Amino acid sequence: DVKVTQSSRYLVKRTGEKVFLECVQDMDHENMFWYRQDPGLGLRLIYFSYDVKMKEKGDIPEGYSVSREKKERFSLILESASTNQTSMYLCASSSLTSGAYNEQFFGPGTRLTVL
Amino acid sequence: AQSVTQLDSHVSVSEGTPVLLRCNYSSSYSPSLFWYVQHPNKGLQLLLKYTSAATLVKGINGFEAEFKKSETSFHLTKPSAHMSDAAEYFCVVSETTNDYKLSFGAGTTVTVRA
(Lines give C-alpha, C1' and ligand atoms only; values in the text may rest on other atoms or scores of the structure.)
Protein backbone atom coordinates (compact mmCIF):
# COMPACT_ATOMS: atom_id res chain seq x y z
CA ASP A 1 0.00 0.00 0.00
CA VAL A 2 1.04 3.56 -0.66
CA LYS A 3 1.96 5.33 2.51
CA VAL A 4 2.16 9.08 2.92
CA THR A 5 3.29 10.26 6.33
CA GLN A 6 3.36 13.73 7.81
CA SER A 7 5.74 14.71 10.59
CA SER A 8 3.15 16.02 13.05
CA ARG A 9 -0.57 15.49 13.60
CA TYR A 10 -0.97 18.62 15.71
CA LEU A 11 1.22 21.71 15.87
CA VAL A 12 0.89 24.96 17.80
CA LYS A 13 3.06 27.93 16.84
CA ARG A 14 3.29 31.64 17.60
CA THR A 15 2.72 34.43 15.13
CA GLY A 16 5.94 35.24 13.31
CA GLU A 17 7.57 31.85 13.82
CA LYS A 18 9.04 29.91 10.93
CA VAL A 19 7.18 26.62 10.54
CA PHE A 20 8.22 23.47 8.70
CA LEU A 21 5.74 20.77 7.74
CA GLU A 22 7.31 17.58 6.45
CA CYS A 23 5.82 14.93 4.21
CA VAL A 24 7.32 11.61 3.13
CA GLN A 25 5.96 9.06 0.66
CA ASP A 26 7.31 5.55 0.18
CA MET A 27 6.07 4.66 -3.32
CA ASP A 28 8.56 6.50 -5.52
CA HIS A 29 5.87 8.88 -6.77
CA GLU A 30 6.93 11.71 -9.04
CA ASN A 31 4.27 14.19 -7.95
CA MET A 32 3.77 15.60 -4.48
CA PHE A 33 1.25 18.17 -3.29
CA TRP A 34 0.44 20.41 -0.35
CA TYR A 35 -3.16 21.42 0.34
CA ARG A 36 -4.89 23.30 3.07
CA GLN A 37 -8.36 22.28 4.17
CA ASP A 38 -10.80 24.73 5.70
CA PRO A 39 -14.46 24.13 6.59
CA GLY A 40 -16.79 24.86 3.68
CA LEU A 41 -13.91 25.43 1.25
CA GLY A 42 -12.80 21.88 0.52
CA LEU A 43 -9.10 21.44 -0.28
CA ARG A 44 -7.11 24.17 -1.92
CA LEU A 45 -3.77 23.54 -3.58
CA ILE A 46 -0.84 25.52 -2.15
CA TYR A 47 2.10 24.09 -4.13
CA PHE A 48 2.98 20.99 -6.00
CA SER A 49 6.20 19.38 -7.22
CA TYR A 50 6.58 17.09 -10.22
CA ASP A 51 10.24 16.28 -9.68
CA VAL A 52 13.14 16.86 -7.33
CA LYS A 53 13.88 20.57 -7.00
CA MET A 54 10.89 21.41 -9.23
CA LYS A 55 7.85 23.21 -7.95
CA GLU A 56 4.84 25.09 -9.18
CA LYS A 57 2.44 27.40 -7.42
CA GLY A 58 -1.06 26.24 -6.77
CA ASP A 59 -4.12 28.34 -6.12
CA ILE A 60 -3.07 29.90 -2.79
CA PRO A 61 0.77 30.07 -2.57
CA GLU A 62 1.01 33.42 -0.79
CA GLY A 63 2.78 33.14 2.55
CA TYR A 64 4.16 29.68 1.80
CA SER A 65 7.23 28.15 0.19
CA VAL A 66 8.25 24.55 -0.46
CA SER A 67 11.34 22.43 -0.76
CA ARG A 68 11.93 19.12 -2.49
CA GLU A 69 15.54 17.98 -2.20
CA LYS A 70 14.75 14.25 -2.37
CA LYS A 71 12.08 12.45 -4.36
CA GLU A 72 10.34 11.01 -1.30
CA ARG A 73 10.21 14.19 0.78
CA PHE A 74 8.29 17.42 0.27
CA SER A 75 8.39 20.22 2.83
CA LEU A 76 6.01 23.12 3.30
CA ILE A 77 7.46 26.23 4.91
CA LEU A 78 5.65 29.11 6.52
CA GLU A 79 8.31 31.81 6.63
CA SER A 80 6.46 33.93 9.20
CA ALA A 81 3.34 32.24 10.51
CA SER A 82 0.16 34.27 10.82
CA THR A 83 -3.14 33.50 12.50
CA ASN A 84 -4.92 33.18 9.13
CA GLN A 85 -2.69 30.20 8.39
CA THR A 86 -4.37 28.21 11.14
CA SER A 87 -5.72 25.25 9.21
CA MET A 88 -5.47 21.55 8.40
CA TYR A 89 -2.60 20.83 6.00
CA LEU A 90 -2.70 17.74 3.83
CA CYS A 91 0.11 16.27 1.79
CA ALA A 92 -0.53 13.99 -1.18
CA SER A 93 1.42 12.12 -3.83
CA SER A 94 0.68 10.60 -7.20
CA SER A 95 2.45 8.67 -9.90
CA LEU A 96 2.69 9.44 -13.60
CA THR A 97 2.96 5.79 -14.49
CA SER A 98 0.62 3.98 -12.10
CA GLY A 99 -2.20 3.66 -14.63
CA ALA A 100 -4.48 5.21 -12.07
CA TYR A 101 -4.30 8.47 -13.95
CA ASN A 102 -4.14 11.26 -11.45
CA GLU A 103 -5.41 9.54 -8.34
CA GLN A 104 -3.71 11.13 -5.36
CA PHE A 105 -2.82 9.42 -2.09
CA PHE A 106 -3.13 11.48 1.06
CA GLY A 107 -1.37 11.69 4.37
CA PRO A 108 -3.31 11.97 7.67
CA GLY A 109 -2.90 15.74 7.86
CA THR A 110 -1.32 18.24 10.23
CA ARG A 111 -3.62 20.51 12.20
CA LEU A 112 -1.70 23.75 12.65
CA THR A 113 -2.78 26.40 15.12
CA VAL A 114 -1.06 29.79 15.02
CA LEU A 115 -1.57 31.88 18.16
CA ALA B 1 -11.42 25.81 -16.12
CA GLN B 2 -12.84 22.99 -14.08
CA SER B 3 -15.00 23.28 -10.99
CA VAL B 4 -17.19 21.16 -8.75
CA THR B 5 -20.36 21.94 -6.83
CA GLN B 6 -21.58 19.67 -4.10
CA LEU B 7 -25.22 20.48 -3.71
CA ASP B 8 -25.59 19.52 -0.05
CA SER B 9 -23.27 20.58 2.75
CA HIS B 10 -24.89 18.14 5.21
CA VAL B 11 -26.86 14.93 4.71
CA SER B 12 -28.48 13.01 7.53
CA VAL B 13 -29.78 9.45 7.02
CA SER B 14 -31.00 6.61 9.16
CA GLU B 15 -28.96 3.44 9.31
CA GLY B 16 -30.15 0.99 6.64
CA THR B 17 -31.63 3.68 4.36
CA PRO B 18 -30.17 4.87 1.03
CA VAL B 19 -27.55 7.59 0.79
CA LEU B 20 -27.43 10.12 -2.06
CA LEU B 21 -24.68 12.74 -2.33
CA ARG B 22 -25.06 15.11 -5.25
CA CYS B 23 -22.24 16.55 -7.32
CA ASN B 24 -22.26 18.70 -10.45
CA TYR B 25 -19.14 19.60 -12.34
CA SER B 26 -18.00 21.89 -15.10
CA SER B 27 -15.14 21.03 -17.38
CA SER B 28 -13.93 22.17 -20.77
CA TYR B 29 -12.66 18.73 -21.71
CA SER B 30 -13.38 15.13 -20.89
CA PRO B 31 -12.98 15.03 -17.14
CA SER B 32 -11.80 12.45 -14.69
CA LEU B 33 -14.04 12.41 -11.63
CA PHE B 34 -13.43 11.07 -8.16
CA TRP B 35 -15.13 10.68 -4.82
CA TYR B 36 -12.96 10.76 -1.71
CA VAL B 37 -14.02 10.10 1.87
CA GLN B 38 -12.48 11.57 5.01
CA HIS B 39 -13.26 10.05 8.37
CA PRO B 40 -12.72 12.19 11.46
CA ASN B 41 -9.06 13.00 12.06
CA LYS B 42 -7.97 10.96 9.07
CA GLY B 43 -6.60 11.71 5.61
CA LEU B 44 -8.63 11.35 2.43
CA GLN B 45 -9.28 7.92 0.97
CA LEU B 46 -10.35 7.25 -2.61
CA LEU B 47 -13.85 5.76 -2.85
CA LEU B 48 -14.13 5.50 -6.61
CA LYS B 49 -13.12 7.15 -9.87
CA TYR B 50 -14.47 7.70 -13.37
CA THR B 51 -11.97 7.88 -16.22
CA SER B 52 -14.10 7.57 -19.40
CA ALA B 53 -14.74 3.85 -19.21
CA ALA B 54 -18.09 2.61 -17.81
CA THR B 55 -20.43 5.40 -16.75
CA LEU B 56 -21.56 3.47 -13.67
CA VAL B 57 -18.61 3.18 -11.35
CA LYS B 58 -18.47 0.89 -8.36
CA GLY B 59 -16.26 1.74 -5.43
CA ILE B 60 -15.34 0.46 -2.03
CA ASN B 61 -17.74 -0.14 0.87
CA GLY B 62 -20.79 -0.53 -1.38
CA PHE B 63 -20.69 2.95 -2.91
CA GLU B 64 -21.28 3.65 -6.57
CA ALA B 65 -21.58 6.71 -8.77
CA GLU B 66 -22.99 7.39 -12.20
CA PHE B 67 -21.42 9.76 -14.69
CA LYS B 68 -24.09 11.66 -16.65
CA LYS B 69 -22.53 13.90 -19.24
CA SER B 70 -25.81 15.47 -20.34
CA GLU B 71 -26.51 16.57 -16.77
CA THR B 72 -22.83 17.21 -15.87
CA SER B 73 -23.42 15.20 -12.72
CA PHE B 74 -21.57 12.52 -10.77
CA HIS B 75 -23.82 11.62 -7.85
CA LEU B 76 -22.69 9.14 -5.21
CA THR B 77 -25.09 6.54 -3.85
CA LYS B 78 -25.21 3.64 -1.44
CA PRO B 79 -28.29 1.44 -1.02
CA SER B 80 -28.03 0.99 2.74
CA ALA B 81 -26.15 3.31 5.09
CA HIS B 82 -23.98 1.97 7.87
CA MET B 83 -22.85 3.82 10.98
CA SER B 84 -19.29 3.66 9.69
CA ASP B 85 -20.33 5.78 6.67
CA ALA B 86 -20.44 8.87 8.87
CA ALA B 87 -17.71 11.04 7.36
CA GLU B 88 -17.06 13.93 5.00
CA TYR B 89 -17.22 13.23 1.28
CA PHE B 90 -15.52 15.19 -1.47
CA CYS B 91 -16.35 15.21 -5.16
CA VAL B 92 -13.26 15.96 -7.24
CA VAL B 93 -12.69 16.72 -10.92
CA SER B 94 -9.61 16.71 -13.07
CA GLU B 95 -9.55 18.27 -16.52
CA THR B 96 -7.98 15.38 -18.40
CA THR B 97 -6.74 11.98 -17.50
CA ASN B 98 -3.17 13.23 -17.56
CA ASP B 99 -3.64 16.43 -15.65
CA TYR B 100 -2.08 16.58 -12.20
CA LYS B 101 -4.44 19.20 -10.87
CA LEU B 102 -7.56 18.25 -8.94
CA SER B 103 -10.42 20.62 -8.09
CA PHE B 104 -12.29 19.74 -4.91
CA GLY B 105 -15.87 20.41 -3.98
CA ALA B 106 -16.60 21.99 -0.60
CA GLY B 107 -17.54 18.63 0.90
CA THR B 108 -20.70 16.94 2.21
CA THR B 109 -20.84 15.81 5.82
CA VAL B 110 -22.85 12.63 6.30
CA THR B 111 -24.47 11.84 9.61
CA VAL B 112 -25.95 8.38 10.19
CA ARG B 113 -28.70 8.01 12.80
CA ALA B 114 -29.12 4.74 14.64
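Residues numbered from 1 in each chain as written. Chains lettered and ligands numbered in written order. Predicted model: local features only at pLDDT ≥ 70, side-chain atom pairs only at ≥ 80, totals over all residues. Heavy atoms only, no water.

Visitor: Would you take a moment to explain the interface of chain A and chain B for this structure?
Guide: Many structure descriptions define interface size as the accessible area lost when the parts assemble. Chain A puts 23 residues into the contact, and the matching count from chain B is 23 residues. Applying the counting rule to chain A against chain B returns 1 salt bridge. With a shortest N-O distance of 3.2 Å, Lys-49 of chain B and Glu-103 of chain A are connected by a salt bridge. Taken together, the links from chain A to chain B amount to 4 residue pairs in polar contact (both at pLDDT 80 or more). Only strand 4 (31-38) and strand 5 (42-51) of chain A provide two or more residues apiece to the side of chain A that touches chain B. When grouped by side-chain class, the residues that make up the side of chain A that touches chain B number 12 nonpolar, 7 polar and 4 charged. (Contact = heavy atoms within 4.5 Å. Salt bridge = Lys/Arg side-chain N within 4 Å of Asp/Glu carboxyl O. Polar contact = N/O pair within 3.5 Å; in protein donor to acceptor, adjacent residues only side chain to side chain. Helix = DSSP H or I, 4+ residues; strand = E, 2+ residues; numbered from the N terminus. Nonpolar A, V, L, I, M, F, W, Y, C, P; charged D, E, K, R; others polar.)

Visitor: Would you take a moment to explain the side chain of Ser-103 of chain B for this structure?
Guide: Residue and element names in this part refer to chain B. Turning to its location among the elements, Ser-103 is positioned in strand 11 (residues 102-104). Under the relative-accessibility criterion, Ser-103 is labelled buried at 14%. Leave out the neighbours within four places in its chain, and Ser-103 touches Gln-2, Val-4, Cys-91, Val-92 and Val-93. (Buried < 20%, exposed > 50% of the residue type's maximum accessible area, 1.4 Å probe, protein only.)

Visitor: Just to check I follow, could you spell out the packing of aromatic side chains for this structure?
Guide: Both the distance between ring centres and the angle between the ring planes are used here to describe each pair of aromatic rings. All told, the structure shown has 15 aromatic pairs over all chains when counted by the stated rule. The interplanar angle of 75° and the centroid separation of 5.4 Å between the aromatic rings of Tyr-35 of chain A and Phe-104 of chain B together place this pair among those described as edge-to-face. With Tyr-35 of chain A in strand 4 and Phe-104 of chain B in strand 11, this residue pair bridges two chains. (Phe/Tyr/Trp six-rings, centres within 6.5 Å; stacked < 30°, edge-to-face > 60°.)

Visitor: Mind showing me how you'd approach the pairing of strand 6 (residues 44-50) of chain B here?
Guide: One face of the sheet, then the other: side chains in a regular strand alternate in exactly this way. All names here are of chain B. Buried residues dominate strand 6, accounting for 5 of its 7 residues. Strand direction decides the pairing type here: strand 5 (residues 32-38) and strand 6, joined by 6 bridges, are antiparallel. Bridging across to strand 6, Gln-38 finds its partner in Leu-44. Counting the residues between successive antiparallel strands, the hairpin from strand 5 to strand 6 contains 5 residues, one of them, Asn-41, with a positive phi of roughly 60°. (Pairing = 2+ DSSP bridges.)

Visitor: When you look at the pairing of strand 9 (residues 87-94) of chain A in this model, what are you seeing that I'm missing?
Guide: Residues and elements named next belong to chain A. Across the 8 residues that make up strand 9, a large majority, 8, are buried. Across the two faces of strand 9 the burial is the same, with Ser-87, Tyr-89, Cys-91 and Ser-93 and Met-88, Leu-90, Ala-92 and Ser-94 all buried. When strand 4 meets strand 9, the two strands line up antiparallel, connected through 7 bridges. Along strand 9, the bridge assignment pairs Trp-34 with Cys-91. Note that strand 9 and strand 11 (residues 110-114) share 3 bridges and pair antiparallel. Bridging from a neighbouring strand, Tyr-89 pairs with Thr-110 of strand 11.

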